[in-house]
Number of protein chains: 2
Amino acid sequence: MEKFKRLPQHIGIIPDGNRRWAQSNGLNKQEGYAHGIDPGLDLYRLCLELGIGEMTFYGFTVDNTKRPSEQTAAFQKACVDAVEKLKDRDADLLVVGNTNSPLFPKELLPYTERTKFGKGLIKVNFLVNYGWNWDLNYPIKNDLLHSSEDITKGIASSGISRIDLILRWGGRRRLSGFLPIQSIYADFFILDEMWPDYNREQAYRALRWYQDQDVTLGG
Amino acid sequence: MEKFKRLPQHIGIIPDGNRRWAQSNGLNKQEGYAHGIDPGLDLYRLCLELGIGEMTFYGFTVDNTKRPSEQTAAFQKACVDAVEKLKDRDADLLVVGNTNSPLFPKELLPYTERTKFGKGLIKVNFLVNYGWNWDLNYPIKNDLLHSSEDITKGIASSGISRIDLILRWGGRRRLSGFLPIQSIYADFFILDEMWPDYNREQAYRALRWYQDQDVTLGG
């Protein structure tokens, strides 16, 4: 396996392009999501092999749920199926999202507390029915501010650590609401390939680039 | 002048690479900042000609002030000089940053209230001794939350609107704490050139790319 001078501790993944991929492969838009599960599992295995400590997948957002219901149902199912497939693979799983909504899949409720499967070798975080505004306002709405002067310590996603590298598939160069606090100092790497066309060479390309970036944390 | 199908309403500018430029031109690191003023003025004039409504410059941050004092003094002076040069050019100026610190240049205090020069044609925002953590915690520290349930409405930078396009010079692909709330849906365009080597062709390259991006605001 390829060696790197320096690896990110925590990778964020924005697996975009499922609908565009579906359309360019003669499928209906919502059929793309099911093709995004195996790529995620392979990227998970790669991170396990490399010894990366934490990864966070952008499942779906509160913004996304305004889409047609057949799409909403398809990406909800893809998130549930992805978590199901992760179960026997030594992940330390946390699902973060607004559970006070019928759009949050009930099957994932148990994992809103971090849950170790097997050896629990990597922290894997899934954002499911996540909203940046919900995340940041969580300490206010839940009256948690007495316990902390710093709002960023009490946010809904406070169980997710600072991100070093964000990989976005599908060519768009934006965060689209992905964990604004944890992404403050992250390096962004954009892949023009659609997420269902993921392969390891794409991840290696990002890691090769990342190893030569300096880390300043704003200093 | 080149025409665009669609222009950003609000551009964020991260003018990075001043120190690297200085070193590669046989100067001391801190000498780079003075060479970053005229590029900013030219980009301002270009935005004025194009009819762009708002621009925000990343001056310096609380993180940056941990650097050697000759650098701190140099970037403080560059910010003051830049604002001085803007004065007779029809800007609608707002300086945002932590004024409760000796590192905030006193000369800029009057502009922490938005100030129209001449016709006030473009909103120009300068982040000076800015910190993302300071920004987000502002409503709590100043007991402003009673007036608003949504923390993002009371942040210190609430006079700065949502950003459509962020241009970063100097090749690094990261936000480095730049306005996390306003950058949520922004498109990022990275220029590998150092900021003192700015020219209009670089800005055009970014605008040509931007006009073909879709705007989804997370939807």
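So, here is what we can say about the structure in this document. (Residues numbered from 1 in each chain as written. Chains lettered and ligands numbered in written order. Predicted model: local features only at pLDDT ≥ 70, side-chain atom pairs only at ≥ 80, totals over all residues. Heavy atoms only, no water.)

So, on to the relation of the copies chain A and chain B. The two copies are related by a screw operation: chain A maps onto chain B through 180 degrees of rotation and 0.0 Å of translation along the axis, at an RMSD of 0.0 Å. Taken together, the rotation angle and the small translation identify this as a two-fold axis. Within chain A, the C-alpha atom positioned nearest to the axis of rotation is that of A:Pro180, 3.0 Å from it. Most of the interface of chain A is mirrored in chain B: 100% of its interface residues are interface residues there too. (Least-squares fit on C-alpha atoms with pLDDT ≥ 70 in both. Contact = heavy atoms within 4.5 Å.)

Residue and element names in this part refer to chain A. Running from amino to carboxyl end, helix α2 (residues 37-50) crosses helix α5 (residues 200-210) at an angle of 50 degrees, the nearest separation of the two axes being 10 Å. Relative to α5, α2 is oriented oblique. Considering the relative orientation of α2 and α5, their crossing is right-handed. Residues Asp42, Leu43, Arg45, Leu46, Glu49 and Leu50 of α2 touch α5, and the partners they reach there are Arg200, Ala203, Tyr204 and Leu207. (Axes fitted to C-alpha atoms, helices over the stretch in contact; angles between N-to-C directions. Helix = DSSP H or I, 4+ residues; strand = E, 2+ residues; numbered from the N terminus. Parallel < 35°, antiparallel > 145°, perpendicular 65-115°, else oblique. Left-handed = near helix turned anticlockwise from the far one by under 90°.)

Here the focus is the interface of chain A and chain B. At the interface, 37 residues of chain A touch 37 residues of chain B. When the buried area of chain A at its contact with chain B is split by residue, A:Arg173, A:Arg174 and A:Ile184 rank highest and sum to 21% of it. Our count for the chain A to chain B interface comes out at six salt bridges. Between B:Arg174 and A:Asp187 there is a salt bridge; the shortest N-O distance is 2.9 Å. Counting across the interface, chain A meets chain B through 24 residue pairs in polar contact (both at pLDDT 80 or more). Considering every element that reaches the side of chain A that touches chain B, the biggest residue donor is helix α4 (residues 132-141) of chain A, with six residues. Class assignment for the residues of the side of chain A that touches chain B results in 15 nonpolar, 11 polar and 11 charged. (Buried area = accessible area lost by both parts, 1.4 Å probe. Salt bridge = Lys/Arg side-chain N within 4 Å of Asp/Glu carboxyl O. Polar contact = N/O pair within 3.5 Å; in protein donor to acceptor, adjacent residues only side chain to side chain. Nonpolar A, V, L, I, M, F, W, Y, C, P; charged D, E, K, R; others polar.)

Okay, the sheet that holds strand β2 (residues 54-61) of chain B next. Residues and elements named next belong to chain B. Taken in spatial order, the seven strands make up an open sheet running β4-β3-β5-β2-β1-β6-β7, and their pairing is mixed. Since the sheet does not close on itself, it has two edges, and those belong to β4 (115-116) and β7 (187-191), each with one partner. Looking at chain direction, strand β6 (residues 165-169) and β7 are connected through five bridges and run parallel. Among the inter-strand pairings, Trp169 is bridged to a residue of β7, identified as Leu191. Across the sheet, helix α3 (residues 69-86) is in contact with β2, β3 (91-96) and β5 (122-130); its angle to β5 comes to roughly 165 degrees. The strands that helix α5 (residues 200-210) touches are β1 (10-15), β6 and β7; relative to β7, the one it contacts most, it runs at about 150 degrees. (Pairing = 2+ DSSP bridges.)

Next up on the list: the sheet that holds strand β2 (residues 54-61) of chain A. Residue and element names in this part refer to chain A. Spatial strand order, β4-β3-β5-β2-β1-β6-β7: seven strands in an open sheet with mixed pairing. Each having just a single partner strand, β4 (115-116) and β7 (187-191) make up the two edges of the open sheet. By the bridge criterion, five bridges tie strand β1 (residues 10-15) to strand β6 (residues 165-169) in an arrangement that is parallel. Looking across to β6, one finds that Ile11 is bridged to Leu165. Sheet strands touched by helix α3 (residues 69-86): β2, β3 (91-96) and β5 (122-130). Its angle to β5, the strand with the most contacts, is close to 165 degrees.

Residue and element names in this part refer to chain A. Within this structure, the stated rule accounts for 29 aromatic pairs over all chains. Ring geometry for Phe189 versus Trp209: centroids 5.4 Å apart, planes at 45 degrees, classification tilted. Remark: Trp209 occurs in helix α5 and Phe189 occurs in strand β7; sequence separation between them is 20 residues. Here Phe189 falls in the buried class, since its relative accessible area comes to 7%. Its relative accessible area of 15% is what places Trp209 among the buried residues. (Phe/Tyr/Trp six-rings, centres within 6.5 Å; stacked < 30°, edge-to-face > 60°. Buried < 20%, exposed > 50% of the residue type's maximum accessible area, 1.4 Å probe, protein only.)

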